[in-house]
Every structure is written in structure tokens, then in C-alpha cells.
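Chain residues, written in single-letter form:
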Amino acid sequence: MPHELERSPGLPLSVDGAPAFSHPWQAQAFAMTVHLHESGVFTWSEWAAALSREVHRPGRASDGSDYFESWVAALGALLVERGVASDETIRQLAADWQRAAEATPHGRPIRLGDR
């Protein structure tokens, strides 16, 4: 039985109906969202509303190519709304991950502490 988050608005699906991810970080963002939802941090309807707001935000790609960027933004917004993390904490983590990604040789796992 599929998880209800697999019915997220606009989620790219494979031919067999499973979520389709172009990059590992997309699958990780999906898994983190599933875990937080199952832990009671937010309800399905709260998630759907947050994701819909991000997907339809002005400036988003009309072809859906930035869908998972919208996903991550929606997750961050919910975490701030729920008091799980501050906006500053999320911005700092994003900057730390960007630096780590830039410092990581192609094909190697990105580690947050890498510089």
C-alpha cells in the first residue's frame, strides 16, 4: 500500500507508479518528509497545502522541473511553522550543505562537515 505522501500534488512518478527521483537528495527529502509526517510533525492536509503553495509560488518553473526544490521549501516552511527549526537554522543548513557539495569530488557522498 503506498504511503499517502506518494499522492503529493505533482510528485513525479515512474511507470509503475512509484515516486521517481532524479537525484539521491530528492529521495532523501522524500524520506525525511515521510518520517516527519509519520512522527506527527504535520498532517497530510498540512503537507499538501504547504507543497501546493510552493509549487504554485510565482517564479516556479511551469514545467515542474523545480518540483523537488518546491518540496524542500515546503518542508522547511512547515518545520519553521511548527517550531521544529528556525528560518535562520534552515538557511544556515542549506548554506552548509551547498559548501559541502561544492567541496565534494564527483561521485563521493556529501558529508556536511566536509569543507
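Residues numbered from 1 in each chain as written. Predicted model: local features only at pLDDT ≥ 70, side-chain atom pairs only at ≥ 80, totals over all residues. Heavy atoms only, no water.

A.B. asks: Which residues make up the packing of helix α1 (residues 24-38) against helix α3 (residues 67-81), and what values do they have?
C.D. replies: Where α1 contacts α3, the axes come no closer than 10 Å and their chain directions differ by 30°. Relative to α3, the element α1 lies roughly parallel. Along this stretch, α1 crosses α3, giving a crossing that reads as left-handed. Here W25, Q26, A29, F30, M32, T33 and L36 of α1 lie close against α3, whose contacting residues are F68, E69, W71, V72, L75 and L79. Its residues assigned to classes, the contact of α1 with α3 comprises ten nonpolar, two polar and one charged. (Axes fitted to C-alpha atoms, helices over the stretch in contact; angles between N-to-C directions. Helix = DSSP H or I, 4+ residues; strand = E, 2+ residues; numbered from the N terminus. Parallel < 35°, antiparallel > 145°, perpendicular 65-115°, else oblique. Left-handed = near helix turned anticlockwise from the far one by under 90°. Contact = heavy atoms within 4.5 Å. Nonpolar A, V, L, I, M, F, W, Y, C, P; charged D, E, K, R; others polar.)

A.B. asks: A description of the packing of aromatic side chains should follow, citing residues and the corresponding values.
C.D. replies: Applying the stated rule across the entire model yields eight aromatic pairs. Aromatic side chains F21 and F30 sit 5.6 Å apart centroid to centroid with 55° between the ring planes, which places their arrangement in the tilted category. Since its relative accessible area comes to 32%, F21 is described here as partly exposed. Look at F21 and F68: their rings are 5.6 Å apart centre to centre, the planes differ by 50°, and that puts the pair in the tilted class. (Phe/Tyr/Trp six-rings, centres within 6.5 Å; stacked < 30°, edge-to-face > 60°. Buried < 20%, exposed > 50% of the residue type's maximum accessible area, 1.4 Å probe, protein only.)

A.B. asks: Before we move on, could you go through helix α2 (residues 44-55) and cite the residues and values that matter?
C.D. replies: Taking 1.5 Å per residue, twelve residues should reach 16 Å; α2 reaches 16 Å between its end C-alpha atoms and fits that length. Of all the positions in α2, only W47, A48, A50, L51 and E54 are classed as buried. Looking straight down α2, one finds its buried side chains confined to an arc of 165°; they lie on one side. Tucked into the core, α2 has its buried residues touching α1 and α3. (Expected span 1.5 Å × (residues − 1). Arc of directions from axis to C-beta.)

A.B. asks: Mind laying out the pattern of salt bridges, listing which residues take part and the relevant values?
C.D. replies: The full count for this structure, using the stated rule, is seven salt bridges. A salt bridge links R82 to E46; the nearest nitrogen and oxygen atoms lie 2.2 Å apart. One end of the pair, R82, is in the loop between α3 and α4 (87-103); the other, E46, is in helix α2, and 36 residues separate them in sequence. On the basis of relative accessible area, R82 is assigned to the partly exposed category, the value being 34%. Classification of E46 as partly exposed rests on a relative accessible area of 27%. One salt-bridge network, held together by shared partners, links E54, R57, R60 and D66. (Salt bridge = Lys/Arg side-chain N within 4 Å of Asp/Glu carboxyl O.)

Keep in mind that these numbers describe shape and distance, not what the molecule does.
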